Amino acid sequence: MRKLVIVTYVLRGLGFVLVLLSLFGHSLILNVFPGLEGTSINPIFYSGIAVYLVGAVIYFFVNKKEKAERRRREIEDAEERAFGGGKATEDARED
């Protein structure tokens, strides 16, 4: 799960860099890709937005799942502390 979180950070960083390049790095982009001269650099901007959004959406769902698991574990720990935990107490309650 941690690897997926790292991938989402990388995607969001890449999207951020693409957007910044499209806004402030026209000369750099045209030096690296000379065939783009005379055309619009908007596809790089839109690609940056799309990559960032993909990373953000994946992170949202992964983070939501991790929070739910953490909350479930905390509830189980609290119940265990409150009711003494272990099989002995559960057997005594059933009788």
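Residues numbered from 1 in each chain as written. Predicted model: local features only at pLDDT ≥ 70, side-chain atom pairs only at ≥ 80, totals over all residues. Heavy atoms only, no water.

1. Comments concerning the pattern of salt bridges
So, step 1. For the coordinates displayed, the defined rule picks out 2 salt bridges.
So, step 2. Across the pair Glu 66 and Arg 2 runs a salt bridge whose closest N-O atoms are separated by 4.0 Å. Placement of Glu 66 in helix H3 (residues 42-83) and of Arg 2 in helix H1 (residues 2-24) is noted, with a sequence separation of 64 residues between them.
So, step 3. Judged by relative accessible area, which is 15%, Glu 66 ranks as buried.
So, step 4. The shortest N-O distance in the salt bridge between Glu 76 and Arg 72 comes to 3.3 Å. Note that Glu 76 and Arg 72 are positioned in helix H3 at a spacing of 4 residues, about one turn of the helix. (Salt bridge = Lys/Arg side-chain N within 4 Å of Asp/Glu carboxyl O. Helix = DSSP H or I, 4+ residues; strand = E, 2+ residues; numbered from the N terminus. Buried < 20%, exposed > 50% of the residue type's maximum accessible area, 1.4 Å probe, protein only.)

2. Details of the packing of aromatic side chains
So, step 1. Scanning all chains against the criterion turns up 3 aromatic pairs.
So, step 2. Ring plane angle 75° and centroid distance 5.3 Å describe the contact between Phe 60 and Phe 61, whose orientation is recorded as edge-to-face. (Phe/Tyr/Trp six-rings, centres within 6.5 Å; stacked < 30°, edge-to-face > 60°.)

3. A few points about H1
So, step 1. If you check H1, its first and last C-alpha atoms are 33 Å apart, about what 23 residues at 1.5 Å a residue would give, namely 33 Å.
So, step 2. Buried within H1 are the following residues: Val 5, Thr 8, Arg 12, Gly 15, Val 19 and Ser 22.
So, step 3. If you follow the buried residues of H1, they end up packed against helix H2 (26-32) and H3. (Expected span 1.5 Å × (residues − 1). Contact = heavy atoms within 4.5 Å.)

4. Some details on the packing of H1 against H3
Helix-helix packing is characterised by the crossing angle of the two axes and by the distance between the axes.
So, step 1. At their nearest, the axes of H1 and H3 sit 7 Å apart, and the two run at 155° to each other. As far as their axial angle goes, H3 and H1 are roughly antiparallel. In terms of crossing hand, the pair formed by H1 and H3 is left-handed.
So, step 2. Among the residues forming the contact of H1 with H3, the class breakdown is 19 nonpolar, 6 polar and 3 charged. (Axes fitted to C-alpha atoms, helices over the stretch in contact; angles between N-to-C directions. Parallel < 35°, antiparallel > 145°, perpendicular 65-115°, else oblique. Left-handed = near helix turned anticlockwise from the far one by under 90°. Nonpolar A, V, L, I, M, F, W, Y, C, P; charged D, E, K, R; others polar.)

5. Some points on the side chain of Ser 22
So, step 1. Tracing the backbone through its elements, the reader meets Ser 22 in helix H1.
So, step 2. Looking at Ser 22, the relative accessible area reads 7%, which means it is buried.
So, step 3. Polar side-chain contacts of Ser 22 include one of 2.8 Å to the backbone oxygen of Val 19.
So, step 4. Here Ser 22 is in contact with Ile 29, Ile 41, Ile 44 and Phe 45, once residues within four sequence places are set aside. (Polar contact = N/O pair within 3.5 Å; in protein donor to acceptor, adjacent residues only side chain to side chain.)

6. A few points about H3
So, step 1. If you check H3, its first and last C-alpha atoms are 61 Å apart, about what 42 residues at 1.5 Å a residue would give, namely 62 Å.
So, step 2. Burial in H3 covers these residues: Ile 44, Gly 48, Gly 55, Val 62 and Glu 66.
So, step 3. Next to the buried residues of H3 lie H1 and H2.
So, step 4. Downstream of H3 by a residue or two, Gly 84 has a phi angle that is positive, lying close to 85°.

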